[in-house]
8 protein chains.
Amino acid sequence: MEQRDVRALLAAVASGEVTPEQAEAQLRVQPFVDLGYAKLDTQRQRRQGSAEVIYGKSKTPQQICGIVSEMLRRGGTDILVTHLSAQAAEQVRTLAPLDWDELSGLGIVNPDPNRPARGHIVVASGGTSDMPVCEEAARTAEALGNRVTRLYDVGVAGLHRLLANVDVLASARVVIAVAGMEGALASVVGGLVSCPVIAVPTSVGYGANFGGLSALLSMLNSCASGVSVVNIDNGFGAGFLASRINQMEGLA
Amino acid sequence: MEQRDVRALLAAVASGEVTPEQAEAQLRVQPFVDLGYAKLDTQRQRRQGSAEVIYGKSKTPQQICGIVSEMLRRGGTDILVTHLSAQAAEQVRTLAPLDWDELSGLGIVNPDPNRPARGHIVVASGGTSDMPVCEEAARTAEALGNRVTRLYDVGVAGLHRLLANVDVLASARVVIAVAGMEGALASVVGGLVSCPVIAVPTSVGYGANFGGLSALLSMLNSCASGVSVVNIDNGFGAGFLASRINQMEGLA
Amino acid sequence: MEQRDVRALLAAVASGEVTPEQAEAQLRVQPFVDLGYAKLDTQRQRRQGSAEVIYGKSKTPQQICGIVSEMLRRGGTDILVTHLSAQAAEQVRTLAPLDWDELSGLGIVNPDPNRPARGHIVVASGGTSDMPVCEEAARTAEALGNRVTRLYDVGVAGLHRLLANVDVLASARVVIAVAGMEGALASVVGGLVSCPVIAVPTSVGYGANFGGLSALLSMLNSCASGVSVVNIDNGFGAGFLASRINQMEGLA
Amino acid sequence: MEQRDVRALLAAVASGEVTPEQAEAQLRVQPFVDLGYAKLDTQRQRRQGSAEVIYGKSKTPQQICGIVSEMLRRGGTDILVTHLSAQAAEQVRTLAPLDWDELSGLGIVNPDPNRPARGHIVVASGGTSDMPVCEEAARTAEALGNRVTRLYDVGVAGLHRLLANVDVLASARVVIAVAGMEGALASVVGGLVSCPVIAVPTSVGYGANFGGLSALLSMLNSCASGVSVVNIDNGFGAGFLASRINQMEGLA
Amino acid sequence: MEQRDVRALLAAVASGEVTPEQAEAQLRVQPFVDLGYAKLDTQRQRRQGSAEVIYGKSKTPQQICGIVSEMLRRGGTDILVTHLSAQAAEQVRTLAPLDWDELSGLGIVNPDPNRPARGHIVVASGGTSDMPVCEEAARTAEALGNRVTRLYDVGVAGLHRLLANVDVLASARVVIAVAGMEGALASVVGGLVSCPVIAVPTSVGYGANFGGLSALLSMLNSCASGVSVVNIDNGFGAGFLASRINQMEGLA
Amino acid sequence: MEQRDVRALLAAVASGEVTPEQAEAQLRVQPFVDLGYAKLDTQRQRRQGSAEVIYGKSKTPQQICGIVSEMLRRGGTDILVTHLSAQAAEQVRTLAPLDWDELSGLGIVNPDPNRPARGHIVVASGGTSDMPVCEEAARTAEALGNRVTRLYDVGVAGLHRLLANVDVLASARVVIAVAGMEGALASVVGGLVSCPVIAVPTSVGYGANFGGLSALLSMLNSCASGVSVVNIDNGFGAGFLASRINQMEGLA
Amino acid sequence: MEQRDVRALLAAVASGEVTPEQAEAQLRVQPFVDLGYAKLDTQRQRRQGSAEVIYGKSKTPQQICGIVSEMLRRGGTDILVTHLSAQAAEQVRTLAPLDWDELSGLGIVNPDPNRPARGHIVVASGGTSDMPVCEEAARTAEALGNRVTRLYDVGVAGLHRLLANVDVLASARVVIAVAGMEGALASVVGGLVSCPVIAVPTSVGYGANFGGLSALLSMLNSCASGVSVVNIDNGFGAGFLASRINQMEGLA
Amino acid sequence: MEQRDVRALLAAVASGEVTPEQAEAQLRVQPFVDLGYAKLDTQRQRRQGSAEVIYGKSKTPQQICGIVSEMLRRGGTDILVTHLSAQAAEQVRTLAPLDWDELSGLGIVNPDPNRPARGHIVVASGGTSDMPVCEEAARTAEALGNRVTRLYDVGVAGLHRLLANVDVLASARVVIAVAGMEGALASVVGGLVSCPVIAVPTSVGYGANFGGLSALLSMLNSCASGVSVVNIDNGFGAGFLASRINQMEGLA
């Protein structure tokens, strides 16, 4: 409850329009729906500009469907479910249209055919193997109303592939740099552009990559300014944050 | 050299205005000044929107002064030097006015008295002990022309201190959340705002904080969306990135 | 053998009631049953206030049944078996009534229908995915005679869900805070209550959560006082300790 | 502000005793004092049963004195300052009587000569070298009104030293087990008592103790039930939590 | 585009042979083929002396076949595909002759029957279990035109097996030392030869080998000079680098 | 070739009994059999007092059978194969009698019915779950001619189980202490006996045991003297070393 | 108190020679001297064959002198104090003759001029830099009555230095192998001898040796049988254990 | 002793020129000088092509001077001492001319004024702060007779600085890539050249660089082929290996 609402409520109590008991109830009102196993945050759209996103990884299909149903009931569109298994996807599809990407496991329930594609986010990747994470990022950003360009397999071992696309990078409002192994892409991209760069380390590789640790540390220690990092393989987080930045209003 | 410049140059060659030899020289021209121990990137302002920043940590006062001199000679103002020791600061001060902060070691050489304070960046911290990192972030952002609000010691052990400032957070275009120990501040702030949050883990703490690792992992695994992370104690990086985001132009 | 028993025994020797040989045998008596593969601690109930608990993870169904049988033979009720597989549960069920929870794998053999539900323990969790660990904690506490309230999915990304339940937290004698990812819940809860908080990090998450390390370090470094930590995913340990604390007698 | 206070306030608004504006101000009132570099949590005593404790490690003597002054001004006694350096202690001593322990660095400002020594907490340690952490725990507990017994150098390499004190352990309401190196003390103590055990790993040792990691992991994996763990070298945390548990009221 | 080509192009523009537009196009030409999911680096042979190698691990058989086809179309022979699964190998075999090694998963597409076997590379291994990595190294080197001698199971626990082959080692131009567990082989070999030694740690072992970390650290800390290290299990990388070194021209 | 053999050989050359060529050949003779994939160390029995042991983990059944055959051909008895799978065991059984333990995977080929059971080695374990490692140790020691007593499930959480067996421990010439989780058993045993203690950390446990790291570090940091450590789960290594110590000759 | 003593005591009670009260007191008698800060284990000589050793690292000179005094009062000779600082050594020297080694910090108080030098222990080291740890091991073993041969700087980078001393190694009853960096010495020595090998990793090195971790892991994963490991830099522990093994009685 | 020498010796025995005793002595001769604290490897020059190098880090000035003296006595020139402190350098200078570099601590004793500068090694660095490691590499290579070009401060954040020097890189026979922080330089250089690249991670940086771990992992996981890695900050090792590769003879 925002401050101006508190003020209005108190004025109503003072004027007798609202009883103290009613006011107290309103001040306590829970802006979430309690499903037992989950407490759906129904105010997140208003508080944070986008609806709650469902982390599908350790939930049963029943739990996922329960939450999706509640969100659909409240008119939700472009409902995001990450790490959605094929089996759970099948069940969700019985509730509403579903745009599901096998590679990344990202599901978009009840996709809005009229959603915009504003601004410009570039998703660049070090190699073909990073595609699942890239697609999670790209599709999340698209579902949130952003225009996305994919620039895959531009790793630093063949630098000219990246340099040939400097124009594309230069036109971006945000770049998402996705790379495994040594994760050098983030630093190189960071040195070429003047917009924010979101680095996503991936677990692609073997041996001393230690499940993505090598790329993670590499990106955190980037010598290029303007680069920040999200969790290993967290394409969703990068896409979400890129959307926030891309859709910022200009300074008055 | 940008693409349109290449085009103009080639047209000049074709028209005979420029000889092939001259064109070749221009195509090869090095956009940096070689000081031997350093190669000053003179084009960074144009390429990335801000001048090169001097990492003062492992450089001798002589090397720092050499680089600063070259930048001053080219008319630089608000030249940033991070991790500037008291001793090196003294020497730099002989070259130009210096705004040096003892706590963070950040130096701003030849500060521009007329620099703007645009938009709004909030720097929130978990505790008093995080102040050196906070000040590095805040002063970096100010030097780059941003308006900054400091919100210190609002750690989650006394949540009401943070909640009492929800209005301040809500008015930010970017929030920098600085915390050591368990680094929970980033997630809590991330859940309260709708703007990008840059999390800075600090090495504050002892024992199993392992030099900032606890806060770093905590922030990377944040359950709140819209949060990204920079290196441990990297106040500069957070301030720089916050500036980029804060000063973004709006979508047309 | 407790000191007063030693004293009584020696007096009996001195008075001739007991021969030295008998006394020696009693002083040596082994308060355990040796099953070969296991040495069942039959005195633990008296020494520590609760019977031995069976760690089911790396034991064969035969071994588990052997130990359970011995405990049943001695009149045991509410015998706890952790990490009990479905297959082993089936075999245990042939010995006695079994209350088995699929999610957590916790089994309660020969449950006492009249067991009390004293005091008040609250089990709070960051998300739906933490439920297996939560249920292990909650059911352990219930089996040991405590009243338990479940408060699931109150993670800090939607703080109002937790704040709306401050009354519940305030009524607890002990709170068990279960969370994966960044584990911030423990600190936030720790700052809101005046009773002991037992933090349980879970392995929920991916990437840089490193199997629960992120939540573990986060909780160990909690800036809130009154918080202690058990092993990753150790719901049983938390439930057991909570029971001990909840059932403490008051100071005279 | 607690729920019953909200209710009373609203009734007063409804009755006209309080204007809506006054009510709004009260609802917003900040229960902390903002010193700029710190936000002193003035309600913690009421909310959590004990006043805020000052973490002295990365604060300047001036900052520490500032906070202490404010707490003294509000009538504080037995104000705890952890990691208080000799130099800072000297300055604090100019403000009020100070009980400062050189070994642990714990300071107790304005000690209450009449404070009680209730219940019974035993602080057991593996070796003489763990004394700084032990004393931090013991003195914290004493400052909070608990009776404490010290049982030092009872490490498991000479088990009879511990076994000779089983009576002491048995009489405790809480045991704090402090040990470095392999940290086995916690498990052994855990197997001997029926009260809660708080394990404190210390950084005592060398080589593969990795700054306390060995004892920390050992204690987290304790095979004894009823044991929980705080941060490496966190004597204060253990003493604080032990106090909470020791002073619990009995079940009605 | 090399410098002398730039010069020739500009002269052609100056002479009117080439228009500025054509020159610009040539300067921009992309030396790679964009397959969407991959950008095939067609200039690598010229730039680096060997064609691009396909990392088969996280690619679909379709993607691998797509890249192989493009390389075959351009006349490629001895095309290397690492980590090629049996299933993918079957599909690749439909495109061209394939020499596939089950143990290592290395595939050589369209092998050149006339390739040379120049110089001398010795692949030594600590044990039989290291064979998959050894074969990847040996076959890579052979495919790149080098003569290879295999010296397997000469680990330091039976030193005479290695010493009996000092003659073989002495005749090598490069030695690849492959070992898991404690990885001591690299240091011992390093002390016996005067040519470069490439150490390959393997993940062979268990427990505290931590997936190859023990051998990796051991090799990085080798007290013998002339030893460098590649990633854990990276037989390909060692074979490739050994080939480069073996085929170096002599100093004029 | 030992020094006295060299001397004899040279005397024979000098006397003309042996030609220089023959002598050279003998000096070069390889005391191993080269099977291609393995170099069987045929002199180990003479050099180290026991025949080579086959590490079965990453070898094919064919490779194992090849080595076993060669050892049988040379009259080997009690040939040890560690980590022998059921499938490989079946094939080995076709070559000679095999004593194979399913729990530990240890195989003893061509067991000697008359082997002795000298001295006394005690294998003590923390819990039932450590049995596979214990059996590997115990059976290895038995195959090498030692008398072994098993003392299982005497973990420190129920100390009296261990104390009741102090007599057994006191009669040992070597104790092998096997424990997972916090590995405290090694220190406690180390404090009770006066013979060498070999500590074997196991991977038993979960969460922060990190695959045996907790027990490993605990044992390495043991505060008890006379304790040394082998690799995680390395029952064989402990049994082998215990045999060496147990069978030492007395000081003259 | 040993079992036969218990028996005698009880017989005395039965015969009236001893009152029950006296018997109880004897059964409780503490076989240690409580100095407050330390509990001196006075029975260790009888229980474990050697007196308690003083770990000097985190003790004050006063504490060390207090313990030494008590041991001297009880007739102690060859009292070992590890990590004894020069300053503390000076104070100890006022109590009794002291043999103090600056390099290792090992002190031997009241050295017995007639102590024997039995059996044969070889201390081999990888390099000159390992000498402090070597000397701690060698001097400990000497103080405990063993004959010691030092074989320093025989690292595997110059294998012939070690091979030239195979005779020395072959004459040892125990070998202590001390090495930093990659720690390969332990495996190589382990392959050459038939007696027990105690490996001591040292922290000698830099970079990826991570304070001795590289040598530690290397030694734990040794492919040679008969090798066990003590803590990093733990020369004392190796010398102590070597003494135990060296002085074993032969099998009857 | 090489095989052909053995043959000649045996022929001499057979012919009576050499007695068996003399032959035995020669076969045993130790190719090192034993200084007690060190065993100087006098054959390394012949066996490995360069004299032994002195690791100065944990040696006393006396020990260093002792070894240097022995090498000088045998006519050594360009004797390398790494990590030579100013104090030790002063003492070494009394023995012979010394070329000592303060930055890296590398000393070259008795430098040969006529040493050649063959081939071409390029030392490239990410930043000015990496200079100590670079200089160690460059000076080592120069002392071993190689021509070296320094290319400092060409980190990937300003890629044009590196690209402007592609000609220099292309002319190298070996490139040493030195970088801290994220270590991306190695991969980028690796993608640009066709000669071997030796990557040297440095400890330059802070926070999550963990003492050079970030750069080390980054370089080990390089996606560019032809790159191998030495220890963190190991400039000497890189210079030594580069020399070996640079001076290779061509294939016949």
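Chain A is annotated in an unreviewed UniProt entry as Nickel pincer cofactor biosynthesis protein LarB of Ruthenibacterium intestinale.

Visitor: Looking at this structure, I do not really get helix α11 (residues 235-246) of chain H. What am I missing?
Guide: Note: α-helices contain 3.6 residues per turn, so residues at a spacing of three or four share the same orientation. Residue and element names in this part refer to chain H. The end-to-end C-alpha distance of α11, which contains 12 residues, comes to 16 Å, matching closely the 16 Å that a straight helix rising 1.5 Å per residue would cover. Most of α11 sits inside the fold, with 12 of its 12 residues counted as buried. Within the sequence span of α11, burial applies to G235, F236, G237, A238, G239, F240, L241, A242, S243, R244, I245 and N246.

Visitor: It is not clear to me how the relation of the copies chain D and chain C should be interpreted in this structure. Could you clarify?
Guide: A rotation about some axis, followed by a shift along it, carries one copy of the chain onto the other. Each copy of the sequence occupies a distinct position, and chain D is placed on chain C by a rotation of 180° and an axial shift of 0.0 Å, giving an RMSD of 0.1 Å. On this basis, the relationship between the two copies can be described by a two-fold rotation axis. Residues of chain D ranked by C-alpha distance from the rotation axis are headed by G250(D), positioned 1.7 Å from it. Here 97% of the contact residues of chain D are again contact residues in chain C; the copies associate through an equivalent surface.

Visitor: Could you clarify how one ought to interpret the pairing of strand β8 (residues 146-151) of chain E in this entry?
Guide: Within a regular beta strand, the side chains point alternately toward one face of the sheet and then the other, so they alternate between its two faces. All names here are of chain E. Bridge count between strand β7 (residues 118-125) and β8: 5 bridges; the pairing is parallel. The partner of I121 across the bridge, within β8, is V148. As for the winding sense of the linkage, the β-α-β connection from β7 through helix α6 (residues 131-143) to β8 is right-handed.

Visitor: What exactly am I supposed to notice about the sheet that holds strand β3 (residues 54-55) of chain D here?
Guide: Each strand in a sheet pairs with its neighbour through backbone hydrogen bonds, running either in the same direction (parallel) or in the opposite one (antiparallel). Residue and element names in this part refer to chain D. An order of β3-β4-β6-β5 is seen for the 4 strands of this open sheet, with the pairing classed as mixed. On the outer flanks of this sheet lie β3 and β5 (98-100), each paired with one strand and no other. Bridge count for strand β4 (residues 79-82) against strand β6 (residues 107-109) is 3 bridges, and the pairing is antiparallel. Looking across to β6, one finds that I79 is bridged to V109. Contacts between helix α4 (residues 61-73) and the sheet are confined to β3, β4 and β6, with β4 contributing the most and set at about 165° to the helix. Against the sheet, helix α5 (residues 86-93) touches β5 and β6, its axis set at about 165° to β5.

Visitor: Just checking my understanding: could you explain the interface of chain D and chain C for this structure?
Guide: Interface size is often expressed as the accessible area that is lost when the parts come together. Each side of the interface is counted separately: chain D has 35 residues, and chain C has 35 residues. Here chain D and chain C share an interface that buries about 3,000 Å² over both sides, 57% of which is from carbon and sulfur atoms. On the chain D side of the contact with chain C, L220(D), M248(D) and L251(D) bury the most area, a combined 21% of that side's loss. Counting the contacts that link chain D with chain C gives 0 salt bridges. Among the elements of the structure, α3 (44-48), β7 (118-125), α9 (185-192), α10 (213-220), β11 (227-229) and α11 (235-246) of chain D are those that each provide at least two residues to the side of chain D that touches chain C.

Visitor: Can you walk me through the domain arrangement of chain A in this structure?
Guide: Residue and element names in this part refer to chain A. According to the domain assignment, chain A contains domain 1 (1-30), domain 2 (33-115) and domain 3 (118-246). Placing a centre on the C-alpha atoms of domain 2 and another on those of domain 3 gives a separation of 25 Å. Facing 14 residues of domain 2, the contacting portion of domain 3 comprises 12 residues. Interface area for domain 2 against domain 3, summed over the two sides, is near 1,100 Å², with a carbon-plus-sulfur share of 66%. Summed over the shared surface of domain 2 and domain 3, the number is 2 salt bridges. In this structure, R139 and D99 form a salt bridge, with 3.8 Å as the shortest nitrogen-oxygen distance. Counted by class, the side of domain 2 that touches domain 3 contains 5 nonpolar, 5 polar and 4 charged residues.

Visitor: Which parts of the structure should I look at to understand the pattern of salt bridges?
Guide: Pairing between side chains becomes possible if they bear opposite charge and their charged atoms approach one another. Following the criterion strictly, the structure yields 73 salt bridges over all chains and no others. The residue R150(C) makes a salt bridge to E135(C) at a minimum N-O spacing of 2.8 Å. Separated by 15 residues along the polypeptide, R150(C) in strand β8 (residues 146-151) and E135(C) in helix α6 (residues 131-143) bring together distant segments of the chain. Residue E135(C) is classed as buried on the basis of its relative accessible area of 7%. Among the charged side chains, a network of salt bridges with common partners joins D99(A), D101(A), E135(A), R139(A), E142(A) and R150(A).

Visitor: Whenever I open this one, the interface of chain B and chain A confuses me. Can you help?
Guide: With 34 residues of chain B in contact, the opposing surface of chain A contributes 34 residues. Both sides of the chain B and chain A interface together cover about 3,000 Å² of buried area, and 57% of this is carbon and sulfur. It is L220(B), M248(B) and L251(B) in chain B that bury the most area against chain A; as a group they hold 21% of the surface buried on that side. Across the contact surface, chain B and chain A share 0 salt bridges. The tally of links between chain B and chain A comes to 10 residue pairs in polar contact (both at pLDDT 80 or more). Listing elements by their share of the side of chain B that touches chain A, those giving two or more residues are α3 (44-48), β7 (118-125), α9 (185-192), α10 (213-220), β11 (227-229) and α11 (235-246) of chain B. It is α11(B) that provides the largest number of residues to the side of chain B that touches chain A, a total of 6 residues.

Conventions used here
Residues numbered from 1 in each chain as written. Chains lettered and ligands numbered in written order. Predicted model: local features only at pLDDT ≥ 70, side-chain atom pairs only at ≥ 80, totals over all residues. Heavy atoms only, no water. Helix = DSSP H or I, 4+ residues; strand = E, 2+ residues; numbered from the N terminus. Expected span 1.5 Å × (residues − 1). Buried < 20%, exposed > 50% of the residue type's maximum accessible area, 1.4 Å probe, protein only. Least-squares fit on C-alpha atoms with pLDDT ≥ 70 in both. Contact = heavy atoms within 4.5 Å. Pairing = 2+ DSSP bridges. Right-handed = clockwise from strand over helix to strand, strands pointing away. Axes fitted to C-alpha atoms, helices over the stretch in contact; angles between N-to-C directions. Buried area = accessible area lost by both parts, 1.4 Å probe. Salt bridge = Lys/Arg side-chain N within 4 Å of Asp/Glu carboxyl O. Domains from an automatic or database assignment. Nonpolar A, V, L, I, M, F, W, Y, C, P; charged D, E, K, R; others polar. Polar contact = N/O pair within 3.5 Å; in protein donor to acceptor, adjacent residues only side chain to side chain.

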